[in-house]
Amino acid sequence: MVQNTLSIDAQTDSARVFVSTNGDVYFGEKGQYELEVFNVQGKRILNKSLNTQKRNQKVNFGLTKGIYLLKVKNDNSKNFFVKKMLIN
């Protein structure tokens, strides 16, 4: 049950953002992304604009082990969406 709760979605919305357990974030589409990362207490620890130049571009924000929420919006989506990040 805990494993299902902490699972990471493979793909969400049209932004196609993939998250690995080592902290790598892959952006499936080229374009402009607005990102925010929150810890489990709800404190924002990262706020970044990112312009990806190629498909499946990999970025690592240097987060330590833990559980995070990644809030993402790109120029192809109308709304923000949130992905769970489990870094171990």
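Refer to the structure printed above.
Residues numbered from 1 in each chain as written. Predicted model: local features only at pLDDT ≥ 70, side-chain atom pairs only at ≥ 80, totals over all residues. Heavy atoms only, no water.

1. A word on the sheet that holds strand 3 (residues 31-39)
Using the following cut-off: Whether two strands pair depends on DSSP finding at least two bridges between them. Secondary structure counts use DSSP, requiring at least four H or I residues in a row for a helix and at least two E residues in a row for a strand, with both numbered from the N terminus. With axes taken as lines fitted to C-alpha atoms, and helix axes fitted only over the stretch in contact, angles between N-to-C directions fall between 0 and 180 degrees.
Taken in spatial order, the four strands make up an open sheet running 4-3-6-7, and their pairing is antiparallel. Unpaired on one side and paired on the other, strand 4 (44-52) and strand 7 (81-87) mark the two borders of the sheet. Each strand of the sheet is rotated relative to its neighbour by a mean of 25°, with strand direction disregarded. In the sheet, strand 6 (residues 66-74) pairs with strand 7 via seven bridges, with the strands oriented antiparallel. Bridge pairing in strand 7 links Val72 to Phe81.

2. Quick notes on the packing of aromatic side chains
In plain terms, the rule: Aromatic contacts are taken between Phe, Tyr and Trp rings whose centres are within 6.5 Å, Trp giving its six-membered ring; a plane angle under 30 degrees counts as stacked, one over 60 as edge-to-face, and the others as tilted. Buried means the residue's accessible area, taken with a 1.4 Å probe over protein chains only, is under 20% of the maximum for its type, while exposed means over 50%, and partly exposed covers the values in between. Charge-over-ring placement is defined geometrically: NZ (Lys) or CZ (Arg) within 6 Å of the ring centre, and within 35 degrees of the ring normal.
The full count for this structure, using the stated rule, is one aromatic pair. An angle of 55° between the planes, with centres 4.6 Å apart, marks the rings of Phe27 and Tyr33 as tilted. On the accessibility criterion, Phe27 (0% relative accessible area) is buried. Here Lys71 stacks its cationic end above the ring of Phe80, 4.6 Å away from the centre of that ring.

3. Regarding the nonpolar core
For clarity, the cut-off: Side-chain atoms within 4.5 Å are what join buried Ala, Val, Leu, Ile, Met, Phe, Trp, Tyr and Cys residues into a set we call a nonpolar core. Only heavy atoms enter the contact rule, under which two residues are in contact if any of them lie within 4.5 Å.
Val17, Phe27, Leu35, Leu70 and Met85 are the most contacted members of the largest nonpolar core, which totals 18 residues. Those residues in contact with Leu35 that sit more than four places away from it in its chain are Phe27, Leu46, Asn47, Lys48, Leu50, Phe61, Leu70, Lys71 and Val72.

4. Some remarks on the side chain of Asp24
In this structure, Asp24 sits in strand 2 (residues 24-27). Setting aside anything within four residues of it in sequence, one finds Asp24 in contact with Phe18, Val19, Lys58, Val59 and Asn60.

5. Description of the sheet that holds strand 5 (residues 57-60)
Hydrogen bonding along the main chain pairs the strands of a sheet, whether they run parallel or antiparallel. In space, the three strands of this open sheet follow the order 1-2-5, with antiparallel pairing throughout. Every interior strand has two partners, whereas the edge strands, strand 1 (17-19) and strand 5, have only one. Pairwise comparison of adjacent strand axes, ignoring direction, gives a mean angle of 25° for this sheet. Bridge analysis of strand 2 against strand 5 gives four bridges, and the strand direction is antiparallel. Following the sheet pairing, Phe27 is matched in strand 5 by Gln57.

In short, shape yes, function no, at least from these values alone.
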